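Coordinates in review
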Amino acid sequence: MLIDIALLAVGLLILYYGAEFLVDGGSGLALERGVSPLIVGLTVVAIGTSLPELLVSLSAALRGTPDIAVGNVVGSNTANIGLIVGMAALIYPIAVDRSLLRRDVPFMFVLYVAAAVVMFTGALVNRAEGLFLLGIQALFLAACIRVARTQARYLRESDAPAPERHTLKHIARVLGGLVGLGIGAELMVTNAVDIASALGISELVIGLTVVAVGTSLPELATSVIAALKKQPEICLGNVVGSNIFNTGFVLAGTAVVAPVPV
């Protein structure tokens, strides 16, 4: 038990520094390339913090229990909105970018509706429906890339002095942060499950609480660090982008690997 608690603390520490590296590297790349932190949060940061959900869902599908994927995605998306936005807002007031309300939040709900229709029209999400959701996800990525290119072009054409470039340093921070988030989340979830099991808590309750919230720890750590650093664009972009990727990539990609019963 003491070893589990110690490893849990180590995982929390790694998670913290992984999130700090990811936020610093992501915001640095955004500044260098003339891309808004919001777009970085919606793409690079969101994809990175969604890796635990992807690994859990794919692992469940390959083990022959793909039904876990639905609970993982729904639980994680709920935690992202209720727990993570709430925690970040307690730390620092979050100003909402109008482009997020006009483009990204509506897209998130369109993807939710598409996933709900797919689920309600059958007993499972099959491979064809998974590919359909992946197609919607690809449209979102294409839109983000288009916006990023437009922003970069405006920066090149403006008279603003070009920021000093440390591209390799920022990329190294992003990659290091992603690795740290993965290791930290794994340590925390694994040892939290061991502690809960030792206390006699059922596996069902562990799955619905520890594992569901555990896969959202990278989003939580990243958004809290972004709030502490007064980077609300990365914070909200991370949450909205992560929810989009959870639905359009994690759930859909898992369905392509193995049909997901609902």
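Residues numbered from 1 in each chain as written. Predicted model: local features only at pLDDT ≥ 70, side-chain atom pairs only at ≥ 80, totals over all residues. Heavy atoms only, no water.

Summing up its helical and strand segments, the chain has 10 helices and two strands in all. In sequence order, the secondary structure elements of the chain are arranged as α-α-α-α-α-β-α-α-α-α-α-β. In the chain, which comprises 262 residues, the proportion classed as buried is 45%. Long-range contacts, defined here as pairs at least 24 residues apart, represent 87% of the contacts in the chain between residues at least 6 apart. On the chain, roughly 12700 Å² of surface is accessible, and the fraction owed to carbon and sulfur atoms is 71%. (Helix = DSSP H or I, 4+ residues; strand = E, 2+ residues; numbered from the N terminus. Buried < 20%, exposed > 50% of the residue type's maximum accessible area, 1.4 Å probe, protein only. Contact = heavy atoms within 4.5 Å. Areas by Shrake-Rupley, 256 points an atom, 1.4 Å probe, with all protein chains shown as cover.)

The next subject is helix α10 (residues 232–257). The end-to-end C-alpha separation of α10 is 35 Å, in line with the 38 Å expected for 26 residues at 1.5 Å each. For α10, the principal kink sits at Asn-246 and spans about 35 degrees. Judged by how many residues are buried, α10 sits mostly within the fold: 22 of 26 residues are covered. (Expected span 1.5 Å × (residues − 1). Bend = angle between axes of the 7 residues up to and from the residue.)

With that out of the way, let us pick up the nonpolar core. Formed by 46 residues in total, the largest nonpolar core has its most connected members in Leu-15, Leu-42, Leu-100, Leu-133, Phe-140, Val-240 and Ile-244. Elements with a contribution of two residues or more to this core: α1 (2–33), α2 (37–49), α4 (68–91), α5 (98–120), α6 (127–157), α7 (167–198), α9 (217–228) and α10. No other element matches the eight residues that α10 contributes to this core. Sequence-distant contacts of Leu-133, that is, excluding residues within four places in its chain, are made with Leu-111, Ala-114, Ala-115, Thr-247, Gly-248 and Ala-252. The next biggest cluster of nonpolar side chains, apart from the first, holds 10 residues, and it includes Leu-54, Val-118, Met-119 and Ala-255. (Core = buried A, V, L, I, M, F, W, Y, C linked by side-chain atoms within 4.5 Å.)

On the surface, a cluster of nonpolar side chains totalling about 530 Å² of accessible area is made up of Leu-83, Met-87, Leu-90, Ile-91, Val-213 and Leu-228. Tallying contributions element by element places α4 first for the nonpolar patch, with four residues. One can find Leu-83 in helix α4. When its relative accessible area of 34% is taken as the criterion, Leu-83 is described as partly exposed. (Patch = residues over 30% accessible without salt bridge, like charges linked within 9 Å, V, L, I, M, F, W, Y side chains within 5 Å. Salt bridge = Lys/Arg side-chain N within 4 Å of Asp/Glu carboxyl O.)

A ring pair, where both rings are aromatic, is described by two values, the distance of the centres and the angle of the planes. Inspection of the entire model under this criterion finds three aromatic pairs. Here the aromatic rings of Phe-107 and Phe-140 are separated by 5.1 Å at their centres, their planes lie at 40 degrees, and the arrangement is tilted. Taken as a pair, Phe-107 in helix α5 and Phe-140 in helix α6 lie far apart in primary sequence, 33 residues in all. Taken as a pair, Phe-107 and Phe-140 share a single burial class, namely buried. Their ring planes at 80 degrees and their centres at 6.4 Å tell us that Phe-140 and Phe-245 sit as a pair that is edge-to-face. (Phe/Tyr/Trp six-rings, centres within 6.5 Å; stacked < 30°, edge-to-face > 60°.)

This part takes up the side chain of Asp-104. If you trace the backbone, Asp-104 turns up in helix α5. Residues contacting Asp-104, with those up to four places away along its chain left out, are Leu-38, Leu-42, Ser-99, Phe-140, Val-240 and Ile-244.

A few words on the packing of α9 against α10. Axis separation between α9 and α10 bottoms out at 8 Å; the angle between their running directions is 160 degrees. Taken together, the axes of α9 and α10 are roughly antiparallel relative to one another. Judged by residue contacts, Glu-219, Thr-222, Ser-223 and Ala-226 of α9 engage Ile-234, Cys-235, Asn-238, Val-239 and Ser-242 from α10. Each residue belonging to the contact of α9 with α10 can be placed in one class, and the counts come to four nonpolar, four polar and one charged. (Axes fitted to C-alpha atoms, helices over the stretch in contact; angles between N-to-C directions. Parallel < 35°, antiparallel > 145°, perpendicular 65-115°, else oblique. Nonpolar A, V, L, I, M, F, W, Y, C, P; charged D, E, K, R; others polar.)

Attention now goes to the confidence of the model for the chain. Chain-level statistics for the chain give a pLDDT mean of 79 and a share of 87% at 70 or above. Mean pLDDT per element in the chain: helix α8 (residues 203–214) is the minimum at 64, and α5 is the maximum at 87. (pLDDT = per-residue confidence, 0-100.)

Within the secondary structure, Gln-137 sits in helix α6. Of the residues examined, Gln-137 reaches a relative accessible area of 2% and is grouped as buried. Excluding anything up to four places from it in sequence, Gln-137 contacts Leu-111, Ile-244, Phe-245, Gly-248 and Phe-249.

The next subject is the pattern of salt bridges. Enumeration over the complete set of coordinates arrives at one salt bridge. The closest approach of N and O atoms between Asp-104 and Arg-103, which form a salt bridge, is 2.9 Å. For Asp-104, a relative accessible area of 1% puts it in the buried group.

Considering the arrangement of structural elements, one finds Phe-245 in helix α10. Each C-alpha atom of the pair Phe-245 and Leu-141 lies 9.8 Å from the other, and the pair is 104 residues apart in sequence. Not counting residues up to four positions away in its chain, the partners in contact with Phe-245 are Leu-42, Thr-43, Ala-46, Ile-47, Ser-50, Gln-137, Phe-140, Leu-141 and Val-250.

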